[in-house]
Amino acid sequence: MINYEAFLENYKQLQASIAKVCSECGRSPETVKVTAVTKNNPADCVEYAHKAGLFAVGENRIQEAQSKKEELQDNSIRWELVGHLQSNKAKKAIELFDRIQTVDSFALAQRIDRIAGELGIQQAILLQFNTGEDPKKFGATQLEAHKLVESVLTLKNIKLEGLMTIAPIGKEEARVAFKRLANLKEELESTLGVTLPELSMGMSGDFEEAIAAGSTLIRVGTYLFGERSY
Ligand SMILES: *Cc1c(COP(=O)(O)O)cnc(C)c1O
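Treat the numbers as computed from the prediction; the structure is a model and nothing was measured.

Colleague: Explain the layout of surface pockets to me, using residue names and the numbers behind them.
Modeller: Its volume calculated, the largest pocket comes out at about 470 Å³. For the largest pocket, the lining is made up of 20 residues, of which Lys39, Asn60, Val82, Ile166 and Met203 are closest to its centre. Across the lining of the largest pocket, the residue classes tally to six nonpolar, nine polar and five charged.

Colleague: So what's going on with the packing of aromatic side chains? Residues and values would help.
Modeller: When we look at a pair of aromatic rings, we describe it by the centre distance and by the angle of the planes. Evaluation of the coordinates by the stated rule reveals six aromatic pairs. Ring plane angle 90° and centroid distance 5.6 Å describe the contact between Phe207 and Tyr223, whose orientation is recorded as edge-to-face. Of the two residues, Phe207 is situated in helix 8 (residues 207-213) and Tyr223 in helix 9 (residues 222-225); the sequence distance between them amounts to 16 residues. Taking the ring centre of Phe55 as reference, the NZ or CZ of Lys33 above it sits at 5.3 Å. When the ring centre of Tyr4 is taken as reference, the NZ or CZ atom of Lys51 above it lies at 4.1 Å.

Colleague: Could you give me a rundown of the pairing of strand 4 (residues 99-103), with the residues and numbers involved?
Modeller: Taking burial as the measure, the five residues of strand 4 include five buried ones, the bulk of the element. For the crossover from strand 3 (residues 78-81) across helix 4 (residues 90-96) to strand 4, the handedness is right-handed. Here three bridges tie strand 4 to strand 5 (residues 123-128), and the two strands are oriented parallel to one another. Residue Ile100 lies in a different strand from strand 5, and its bridge partner there is Ile125. A crossover links strand 4 with its parallel partner strand 5, the connecting element being helix 5 (residues 106-119), and its sense is right-handed.

Colleague: Talk me through the pairing of strand 2 (residues 56-59); I want residue IDs and the actual numbers.
Modeller: With burial as the criterion, each face of strand 2 is covered, one bearing Ala56 and Gly58 and the other bearing Val57 and Glu59. Tracing the backbone out of strand 1 (residues 33-37), into helix 2 (residues 44-51) and back to the parallel element strand 2 gives a crossover that is right-handed. The pairing of strand 2 with strand 3 spans four bridges and is parallel. Bridge pairing in strand 3 places Val57 opposite Trp79. Read from strand 2 through helix 3 (residues 62-71) to strand 3, the crossover connection turns out right-handed.

Calculation criteria
- Residues numbered from 1 in each chain as written.
- Predicted model: local features only at pLDDT ≥ 70, side-chain atom pairs only at ≥ 80, totals over all residues.
- Heavy atoms only, no water.
- 1 Å grid on protein atoms, 1.4 Å probe; cavity = no way out; pocket = protein on both sides within 12 Å on 5 of 7 lines; lining within 4 Å.
- Points joined across faces, edges and corners; volume = space filled by probe spheres on them.
- Nonpolar A, V, L, I, M, F, W, Y, C, P; charged D, E, K, R; others polar.
- Phe/Tyr/Trp six-rings, centres within 6.5 Å; stacked < 30°, edge-to-face > 60°.
- Helix = DSSP H or I, 4+ residues; strand = E, 2+ residues; numbered from the N terminus.
- Lys NZ or Arg CZ within 6 Å of the ring centre and 35° of its normal.
- Buried < 20%, exposed > 50% of the residue type's maximum accessible area, 1.4 Å probe, protein only.
- Right-handed = clockwise from strand over helix to strand, strands pointing away.
- Pairing = 2+ DSSP bridges.

Put into structure tokens, the structure is as follows:
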């Protein structure tokens, strides 16, 4: 595993890259938050992210997030679910995560709403769209977006905070997928009269394209922690 100093060095480089893209496209670097994706890395990486003041950590498996949270003395950093959620694990996800970024159907949203209601909380979510139209990726389609968002907005125990996508491999493909998600956000905001502030897009290999397209939240693992060992 990477040591804290090396991690900090990577984080500084990442911040410099973010600042560079931001200046090129006329954005302020403070408008881009970083979720440190700690999946397949030890709990120490969560501590690193916390210590360095990153916005949140991202995990893609319920079980892994749960054991890390139990292992850590201080797990008070924000936790974001960035992996696909099976509906039978919705309750655990609600208990473990401050936000679920990967809601991609009304059925799943309804289930989260019902459980959140039972727990007496409001669950923050993002809706995941497969704007890269990659058959291997999860996410709702753009065609169903309007109806999906409209329906999710009726759920009282859900706080819809924005949209998320995972782009296909390849910078040009990624650029297209990010632009589509940004356009979709604007379209939904104007037709439905809502604000969807968060645009979660961009990973180690494509965060620059994502920021240029308007990302407010990049999800970065490898760039910060090195190649995952398992
Ligand atoms: C693994 C993962 C990331 C981080 O990927 P890196 O290429 O390691 O930065 C981001 N988002 C999601 C949804 C992931 O599963």
